[in-house]
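Topology and contacts: notes
Given next are the chains, with one letter for each unit.
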Amino acid sequence: MLRRATEDDFAPLTMLWAQGWDAGHAEHAPKALLKLRTAASFHARLRGFGDDLLVCGPRGAPTGFVALRPDQIDQFYVGSDQVGTGLASKLMAASEAELRARGTKEAILECLAENSLACSFYEKAGWSARGVEEINVDTSKGPFRMKAMIFEKVL
């Protein structure tokens, strides 16, 4: 299900991520962060994930993606047209399997606490909410401090 991103994937992935981020964050994220979340910033961040960026769907028309870090699901998105299709559950299972294959025993993921759709999905997928913590998120201007709900799971 998961594959490495190809050059043909980056433009549609940028759109998928920008739209998904806006849907889940624009209403609640700090205004200073909203200004930094441009299509160009999403595109640059996607390229920066390197081999840790894994996608699903056809080449040139990805339907979702995950970006992994050691012991963490850094980014997790499915296209808005895929919500409710079961793709997110399959992508999560594949992401967790990839982390296990990399030797991860316990993983975390971070989510804007007000993003109730995402928080609900993570809990249904077996992730436990540890609580709200201050985190650094990557931006084109360097780290940005904000609060996020931290989820954890034994893999």
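To start, this report covers the structure provided alongside it. Everything quoted here is computed from the prediction, not taken from an experiment. (Residues numbered from 1 in each chain as written. Predicted model: local features only at pLDDT ≥ 70, side-chain atom pairs only at ≥ 80, totals over all residues. Heavy atoms only, no water.)

Below, the discussion takes up the pattern of salt bridges. For the coordinates displayed, the defined rule picks out 11 salt bridges. Between R69 and D138 there is a salt bridge; the shortest N-O distance is 2.6 Å. Residue R69 is found in strand β3 (residues 64–69), and its partner D138 is found in the loop between β6 (128–137) and β7 (144–154); the two are separated by 69 residues along the sequence. Relative accessible area serves as the criterion here: at 31%, R69 is assigned to the partly exposed category. Of the charged contacts, one joins E98 and R102 as a salt bridge, the two residues approaching to 2.9 Å between their closest N and O atoms. Judged by its relative accessible area of 24%, E98 falls in the partly exposed class. On the basis of relative accessible area, R102 is assigned to the partly exposed category, the value being 36%. Members of the salt-bridge network, linked through shared partners, are D52, E98 and R102. (Salt bridge = Lys/Arg side-chain N within 4 Å of Asp/Glu carboxyl O. Helix = DSSP H or I, 4+ residues; strand = E, 2+ residues; numbered from the N terminus. Buried < 20%, exposed > 50% of the residue type's maximum accessible area, 1.4 Å probe, protein only.)

So, about the nonpolar core. Of all hydrophobic cores here, the largest spans 24 residues; its most connected members are W17, W21, L33, L46, L53, F65 and M146. Contributions of two or more residues to this core are made by α1 (10–25), α2 (31–36), α3 (39–48), β2 (53–56), β3, β6 and β7. No other element matches the 6 residues that α1 contributes to this core. Apart from residues no more than four positions distant in its own chain, L53 is found in contact with R3, R4, A5, F10, L13, L46, F65, V66 and A67. With 22 residues, the next largest nonpolar core counts L91, L109, Y122 and F151 among its residues. (Core = buried A, V, L, I, M, F, W, Y, C linked by side-chain atoms within 4.5 Å. Contact = heavy atoms within 4.5 Å.)

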